[in-house]
Amino acid sequence: MGAEFDRRSGGQGRISQWLRALRPKGSDDAETAHDAGRETLLIGAAAAGLPLAPAAHPASYRCSCDRVGCPTPGQHPVSFAWQTQSTTDRAQIERWARHQPQANFITATGMVHDVLDVPLDAGSEALERLLASGIDVGPVAESGGDRMLFFTATRGTPEEEDEWWPCELDCHPETMDEHPGLRWHCRGSYVLVPPARLPGDLAVEWVRGTEHALPDPLTLLEVLTDSCARHATTDQDHAPVAWPLHG
């Protein structure tokens, strides 16, 4: 039995060596560096107070989940219990990152932080204006080449519920496609946290990292809504799109 095992394991070892020899020189080092960089960014996000949970990842142009025709491939949590699963515990995040090397991660909003999610052109313009005005801007990410995410402190649950206005700015994952302008991810919502991969070789990456403190969302809101309104014009009359309110 021992000799037979040695022959088998020796054969497998030679095959593994042959496969490694076929890889481009330095590919193992690059992969190790990529994994280390990914883990460092995830731990940095958690250290800044962003609760994380594993998410699906792209599988070609489809999603790694088993849902046929997944509407948000690579952009949703893997567990229905993502809100209670989300954590800033470093050891847990390290385990997830190492055991699921291809997984994206989401960060649950409305606990510690909110996210103001705007079209990329409007967000880029707003970011320039905010920085030029000396307004404190927190972490900012670019998502999929068409959205920009402004991470802010959360409004949480105000003592007076009337302070929380129900409107189209209040965005949940299942309603995102209905709100092409500014989306406010707060209670019950989430966004992908960098680094994340999307189908079509797209990505979610930091523009400003988590070393920047989370600002009050209201300090950014006026400039963001103004930029969104100026970019959200029709081809016919170039009129800004109004934000509808729920009655």
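One can find the structure itself at the top, above this paragraph.
Residues numbered from 1 in each chain as written. Predicted model: local features only at pLDDT ≥ 70, side-chain atom pairs only at ≥ 80, totals over all residues. Heavy atoms only, no water.

Caption draft 1: Focus on the overall build of the protein chain. The number of helices and strands found in the protein chain is six helices and 12 strands. Within the protein chain, the fraction of its 247 residues that count as buried is 42%. Taking the intrachain contacts of the protein chain between residues at least 6 apart in sequence as the baseline, contacts between residues at least 24 apart amount to 74%. About 14100 Å² of surface is accessible on the protein chain, with carbon and sulfur atoms providing 52% of the total. (Helix = DSSP H or I, 4+ residues; strand = E, 2+ residues; numbered from the N terminus. Buried < 20%, exposed > 50% of the residue type's maximum accessible area, 1.4 Å probe, protein only. Contact = heavy atoms within 4.5 Å. Areas by Shrake-Rupley, 256 points an atom, 1.4 Å probe, with all protein chains shown as cover.)

Caption draft 2: Highlighting the pairing of strand β12 (residues 202–208). Across four bridges, strand β6 (residues 140–143) lies against β12 in antiparallel orientation. When the sheet's bridge partners are listed, Ala-141 is paired in β12 with Trp-206. The pairing of strand β11 (residues 196–198) with β12 spans three bridges and is antiparallel. Residue Leu-198 lies in a different strand from β12, and its bridge partner there is Leu-202. Connecting the antiparallel pair β11 and β12 is a turn made up of three residues, with Gly-200 showing a positive phi of about 80°. (Pairing = 2+ DSSP bridges.)

Caption draft 3: How the structure looks around the pattern of salt bridges. Under the counting rule described, the total for this entry stands at eight salt bridges. Across the pair Arg-98 and Glu-39 runs a salt bridge whose closest N-O atoms are separated by 2.7 Å. Taken together, the residues span a long stretch of sequence, with Arg-98 in helix α4 (residues 90–99) and Glu-39 in helix α2 (residues 27–47) at a distance of 59 residues. The class of Arg-98 is exposed, set by a relative accessible area of 52%. The exposure class of Glu-39 is buried, given its relative accessible area of 14%. (Salt bridge = Lys/Arg side-chain N within 4 Å of Asp/Glu carboxyl O.)

Caption draft 4: View of the nonpolar core. Within the largest apolar cluster, 26 residues are counted, with the highest numbers of intra-cluster contacts made by Leu-42, Leu-50, Leu-52, Ile-106, Phe-151, Leu-192 and Val-193. Those elements giving two or more residues to this core turn out to be α2, β1 (52–55), α4, β4 (104–108), β7 (147–153), β10 (190–193), β11 and β12. Here Leu-42 is in contact with Leu-52, Ile-93, Ala-97, Phe-105, Val-193, Pro-194 and Pro-195, once residues within four sequence places are set aside. In this structure, Met-148, Trp-184, Leu-220 and Leu-221 belong to the second largest nonpolar core, which totals 19 residues. (Core = buried A, V, L, I, M, F, W, Y, C linked by side-chain atoms within 4.5 Å.)

Caption draft 5: Focus on the sheet that holds β10. In spatial order, the strands read β1-β4-β10; together these three strands make up an open sheet with antiparallel pairing. Two strands close off the open sheet at either side, each with one partner strand: β1 and β10. Going from strand to strand, the sheet's axes swing by 40° on average, the running direction of each strand aside. Relative to β4, β1 runs antiparallel, the two sharing four bridges. (Axes fitted to C-alpha atoms, helices over the stretch in contact; angles between N-to-C directions.)

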